[in-house]
Amino acid sequence: QVQLVESGGGLVQAGGSLRLSCAASGRTFSRYTMAWFRQGPGKEREFVAAISRDGLATNYANSLKGRFTISRDNAKNTVHLQMNNLKPEDTTRYYCAANLFGSVMTTTGGLYDYWGQGNQVAVSS
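Residues numbered from 1 in each chain as written. Predicted model: local features only at pLDDT ≥ 70, side-chain atom pairs only at ≥ 80, totals over all residues. Heavy atoms only, no water.

**Student:** Please clarify how the nonpolar core should be interpreted in this entry.
**Tutor:** One broad trend across soluble globular proteins is that nonpolar side chains are buried collectively. Judged by nonpolar contacts, the single largest core of 35 residues is most densely connected at W36, L81, M83 and Y94. When residues of this core are traced back to their parent elements, those giving at least two are β3 (18-24), β4 (33-39), β5 (46-51), β7 (68-73), β8 (78-83), β9 (92-99) and β11 (119-124). Ranked by the residues each element gives to this core, the list is headed by β5, at 5 residues. The contact partners of L81, leaving out residues within four places of it in the chain, are L18, R19, L20, W36, V48, A49, F68, T69, I70 and Y94. (Core = buried A, V, L, I, M, F, W, Y, C linked by side-chain atoms within 4.5 Å. Buried < 20%, exposed > 50% of the residue type's maximum accessible area, 1.4 Å probe, protein only. Helix = DSSP H or I, 4+ residues; strand = E, 2+ residues; numbered from the N terminus. Contact = heavy atoms within 4.5 Å.)

Set out below in C-alpha cells:
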C-alpha cells in the first residue's frame, strides 16, 4: 500500500512557475514508476509526465515538453513536477500516481495503482 500526498499548488500569474511535490509513504517507493496527471471538472484525465523507478528515464506529454520537468528523490520518497512558463490553460487539478508494473510509457491513468488527492493549480492571465 502506498499513500501519496501532493503539495505546492496555488495561484500564479501567466509566465510564472510552480513546483508540485508528492510525498509517498512506505518503504517501497523506488519500486514504482511515478507520474503526474491533471484533470479539470468535466474533462478527461490528461497524462502530464512520468519518471522511471531509478529516475533515469522520463516521458512527457508532447504539448508540455520544455515547460514541465519531472524528478524524484528515492531517498526522500518524493516526486516533483517543476512547471515553468505557466499558461492559463494549465489551470486545473494535478495528481501524482504510482504504477508498480508499468514503465514511463504508461500514460493511461487506469493502469496506475495509487493516486494522491490532487492539488489545484490556477494560472491567471
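Here the narrative resumes, following the displayed structure.
**Student:** Could you clarify how one ought to interpret unusual backbone geometry in this entry?
**Tutor:** One can expect most non-glycine residues to show negative phi and most peptide bonds to be in trans. At N77, a residue that is not glycine, the phi angle is positive and equals roughly 55 degrees. Relative to the helices and strands, N77 is located in the loop between β7 and β8. For N85, which is not glycine, the phi torsion reads 50 degrees and is therefore positive. Tracing the backbone through its elements, the reader meets N85 in the loop between β8 and β9. Here N85 falls in the partly exposed class, since its relative accessible area comes to 40%.

**Student:** I'm lost on the sheet that holds β8 in this one. Help?
**Tutor:** Spatially, the 4 strands line up as an open sheet ordered β1-β3-β8-β7, and their pairing is antiparallel. Each of the sheet's edge strands pairs with one partner strand only, and the pair in question is β1 (4-7) and β7. Neighbour to neighbour, the strand axes of the sheet diverge by 15 degrees on average, direction disregarded. (Pairing = 2+ DSSP bridges. Axes fitted to C-alpha atoms, helices over the stretch in contact; angles between N-to-C directions.)

**Student:** How should I be thinking about the packing of aromatic side chains in this particular structure?
**Tutor:** Geometrically, a pair of aromatic rings is defined through the distance of the ring centres and the angle of the planes. Tallied over the entire structure, the rule returns 5 aromatic pairs. On the numbers, 6.0 Å between centres and 70 degrees between planes, the contact of Y32 with Y114 is edge-to-face. With Y32 in the loop between β3 and β4 and Y114 in strand β10 (residues 114-115), this residue pair connects regions lying 82 residues apart in the sequence. Lying across the ring of F29, R72 places its NZ or CZ 4.5 Å from the centre. (Phe/Tyr/Trp six-rings, centres within 6.5 Å; stacked < 30°, edge-to-face > 60°. Lys NZ or Arg CZ within 6 Å of the ring centre and 35° of its normal.)

None of the figures reported here should be taken as evidence of function without further support.
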